[in-house]
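# Coordinate inspection notes
What follows is the residue order along each chain.
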Amino acid sequence: MTAIKDIYTLRPDGTHWTVPQDFDVAFNWDYDDGRQSMMHLYRKGVEMQWNAETRIDWSQELDEDNPEQLPEQMLPIAGMATYEKMGRKDKADVRRHFQAWQISQFMQGEQGALICAAKIVTQVPDADSKFYAATQTIDEARHVESYKRLLEKFRVAYPMTPPLQELIDQVLRDSRWDMTYLGMQVVIEGLALAAFQQIRDHAQNPLAAAVNAYVMQDESRHVAFGRLALRDYYPQLTQKERDEREEFLLEACYLMRDRFDAVEVWKNLGLDPAECAAHMYDSGFMQMFRSSLFTRIVPIVKDIGLWGTTITKGYEEMGILGYADTDVQALQDADNDIASEFDARNKYVQSVMDRAANLEPAE
Ligand SMILES: [Fe+2]
Ligand SMILES: [Fe+2]
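Residues numbered from 1 in each chain as written. Chains lettered and ligands numbered in written order. Predicted model: local features only at pLDDT ≥ 70, side-chain atom pairs only at ≥ 80, totals over all residues.

## Some points on helix H12 (residues 273-282)
Listed as buried for H12 are Cys276, His279 and Met280. The buried side chains of H12 occupy one side of the element, clustering within an arc of 95° when seen end-on. Exposed residues lying more than 90 degrees from the buried face of H12 are Ala274, Ala278, Tyr281 and Asp282. Backbone geometry just downstream of H12 places glycine 284 in the positive-phi region, at approximately 80°. (Buried ≥ 20, exposed ≤ 12 C-beta atoms within 10 Å, placed from the backbone. Helix = DSSP H or I, 4+ residues; strand = E, 2+ residues; numbered from the N terminus. Arc of directions from axis to C-beta.)

In structure tokens, the structure reads:
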């Protein structure tokens, strides 16, 4: 069996990372006043549990030349002269490393989500939120497991990229419980959803597409949770307190947009990071892919009531204000339906295999 620690291409700093904590753990003796919508979400979380071991067919393999079988334009340096001159094997190597870097960030980010969900269980004052966050905690453990198993098939892994680590560190150190939601449920999970969607919808590789479809089915509940909890909470704060949140949000969005690039990959493969960055900038890759990553975040921010001038002006400058009118509910419904379609496909493939196994060979 492949161990992740054996396939890290860059060494993470040690095998553990600790973040000091300074907050009160909150008990709640009132068990009866759960909000109906929150208890409904909790019930859904309980009922929709699944087992990564059995729901996903892990005997499926990745492609040798293009592991997830993604369109070439989804590789940020496609079209760059140095890349286009490479032979087939070297190009395959670049694709494998870039895709593995991305799945590594998903896996590492999911561990962040696991820890943040557990932190919410301990810190949030409402009992119904604690119930729900407990279901999310096991969801996130399953996501770490699923991406880990997918990553093993790449035979290469990357550590958590510094900007992601910086944001998670900030979110975990903050003693205000809602900041964990804002950083993790709104920004990181919102970005992750858009990134998962690109793979779910464009990967021709059935294993890579299925893993992302199933994870997304859970993630849409997580985003709904952030919305529910924060929509109730923010109107109770003062304008000054809300302004602080808006500033944090905007900073986090910039951090993820401008510094979350695959510089580790280019450097590791001996490519010139400056040439890669210039290519990505000039080709419009950053503009297109990066801003589309915010489709899931902007409408939520508006919905939870952090929609003052700091945010709206900032989003206008980033060119993402237009996403405010995205129909989040429709996206969430689609995430659910698409996961069911993957289940139907698996069932069909299995039935064909069963029938084929029973066919008598012709005389
Ligand atoms: Fe997750
Ligand atoms: Fe999540």
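After presenting the structure, the write-up continues.
## Quick look at the packing of helix H5 (residues 88-123) against helix H6 (residues 127-152)
To characterise two packed helices, one gives the angle between the axes of the helices and the distance between these axes. Running from amino to carboxyl end, H5 crosses H6 at an angle of 160°, the nearest separation of the two axes being 8 Å. For the element pair H5 / H6, the angle class is roughly antiparallel. When the axes of H5 and H6 are compared, the crossing they make is left-handed. (Axes fitted to C-alpha atoms, helices over the stretch in contact; angles between N-to-C directions. Parallel < 35°, antiparallel > 145°, perpendicular 65-115°, else oblique. Left-handed = near helix turned anticlockwise from the far one by under 90°.)

## A word on the packing of helix H7 (residues 162-173) against helix H10 (residues 239-259)
Where H7 meets H10, the closest approach of the two axes is 9 Å, and the angle between their N-to-C directions is 165°. With respect to H10, the axis of H7 lies roughly antiparallel. H7 and H10 meet at a crossing whose hand is left-handed. On H10, the residues that touch Pro163, Glu166 and Leu167 of H7 are Ala252, Leu255, Met256 and Arg259. Taken together, the residues that form the contact of H7 with H10 break down as 5 nonpolar, no polar and 2 charged. (Contact = placed C-beta atoms within 7 Å. Nonpolar A, V, L, I, M, F, W, Y, C, P; charged D, E, K, R; others polar.)

## Focus on unusual backbone geometry
Here the phi dihedral of glutamine 69 falls at roughly 55°; this positive angle occurs in a residue that is not glycine. As for its placement among the helices and strands, glutamine 69 is situated in the loop between helix H3 (52-55) and helix H4 (81-84). For arginine 155, which is not a glycine, the phi torsion comes out positive at approximately 60°. Mapped onto the elements of the fold, arginine 155 is located in the loop between H6 and H7.

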